[in-house]
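Inside the fold
Below, each chain spelled out in residue letters.
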Amino acid sequence: MMLENKKCLILGVANQKSIAYGIASAFRREGARLAFSYLGEAIKKRVEPISEELGGEFIFPCDVSSDESIAQAVQTVREQWGTVDVIVHSVAFAPKEALSQPFIETTREAFRVALDVSAYSLPAVCNAFLPIMNPGASVLTMTYYGAQKVIPNYNVMGVAKAALEASVRYLSADLGLKGMRINAISAGAVRTLAASGISDFRHLFKQFEDVAALHRNITIEEIGNAAAFLCSDMASAITGETVFVDCGCHNMAL
Ligand code: 0WE
């Protein structure tokens, strides 16, 4: 087992289709100890049964757009576990209009919210949890190809993911001084709750399937397997990296 007895925090499960659910399931299979964050009462009701199913030890509220909420989460984890070995950051948000209107029309507020929730939250979480992270700890975040190339309508989320990927590189230098690692998985498109809010996602999904080197879309199990590897000691020399788990989609021009 790759993650035996490692204490892993999972931020960003909404339901059983979530990428974070696929990651948590793989972590469980690899012997990890799990705890889950949630945002708001609606998501709490969804996370509770998932935590039970996967043998989670506790759940805790965490609004990554609030320093106080992150600090409170650290306090809870400190009381429950004392220290932590792995943090999975699988959180993003942009106001819906920003993902349908032309990028050029992005408002200052939509830009701020997207970058705050989807990018700044990563260094914020790393810095807050640093005092309770064990030597050899590792952090994982989720990104998307729209950070590097234009994907129609991905818009301000692409800009936020570009900031997130750059943050992974800078954080790798800071965490590296402490023997800790951080990486990103750039996942192919997945039908999640976040994706269901996107007009024309079905069409996009089919296009990715056709173009991908493997001619299929990915599963959250496959993301989970890559995540388990990256967060395990098997990946002890990999840090600051964006690893594509996308059936080879990003290498194809057409
Ligand atoms: O990163 C994402 C999704 C991020 C996301 C989705 C939503 C939908 C509902 C962030 N914020 C919101 N806000 C909402 O109100 N993906 C990689 C999935 C995704 O999102 C797209 C995509 C793909 C793929 C948006 C436009 C075009 C393609």
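Above this note sits the structure.
A few points on the structure.

Parameters at a glance
- Residues numbered from 1 in each chain as written.
- Predicted model: local features only at pLDDT ≥ 70, side-chain atom pairs only at ≥ 80, totals over all residues.
- Heavy atoms only, no water.
- Helix = DSSP H or I, 4+ residues; strand = E, 2+ residues; numbered from the N terminus.
- Rg over C-alpha atoms; globule rule 2.2 N^0.38 Å.
- Buried < 20%, exposed > 50% of the residue type's maximum accessible area, 1.4 Å probe, protein only.
- Contact = heavy atoms within 4.5 Å.
- Areas by Shrake-Rupley, 256 points an atom, 1.4 Å probe, with all protein chains shown as cover.
- Salt bridge = Lys/Arg side-chain N within 4 Å of Asp/Glu carboxyl O.

A look at the overall build of the chain
Within the chain, the secondary structure is distributed over 8 helices and 7 strands. Taken over the C-alpha trace, the chain has a radius of gyration of 17 Å; the compact-globule value for 254 residues is 18 Å, and the two agree within 12%. Summarising its shape, the C-alpha atoms of the chain cover approximately 45 × 40 × 40 Å along the three principal directions. Across the 254 residues in the chain, those meeting the buried criterion constitute 53%. Considering only residue pairs separated by 6 or more positions, the chain has 75% of its internal contacts joining residues 24 or more positions apart. Summed over all atoms, the accessible surface of the chain reaches about 12100 Å², with 55% contributed by carbon and sulfur.

Notes on the pattern of salt bridges
Summed over the entire model, instances satisfying the criterion amount to 7 salt bridges. A salt bridge links K206 to D210; the shortest N-O distance between them is 2.9 Å. Within this pair, K206 and its partner D210 are both found in helix α7 (residues 201-211), separated by 4 residues, close to a single helical turn. The exposure class of K206 is partly exposed, given its relative accessible area of 45%. Notably, a salt bridge pairs E222 with R216, separated by 2.7 Å at the nearest N-O pair. What makes R216 partly exposed here is its relative accessible area of 34%. Through salt bridges with shared partners, one network takes in E109, R112 and D116.

In short, shape yes, function no, at least from these values alone.
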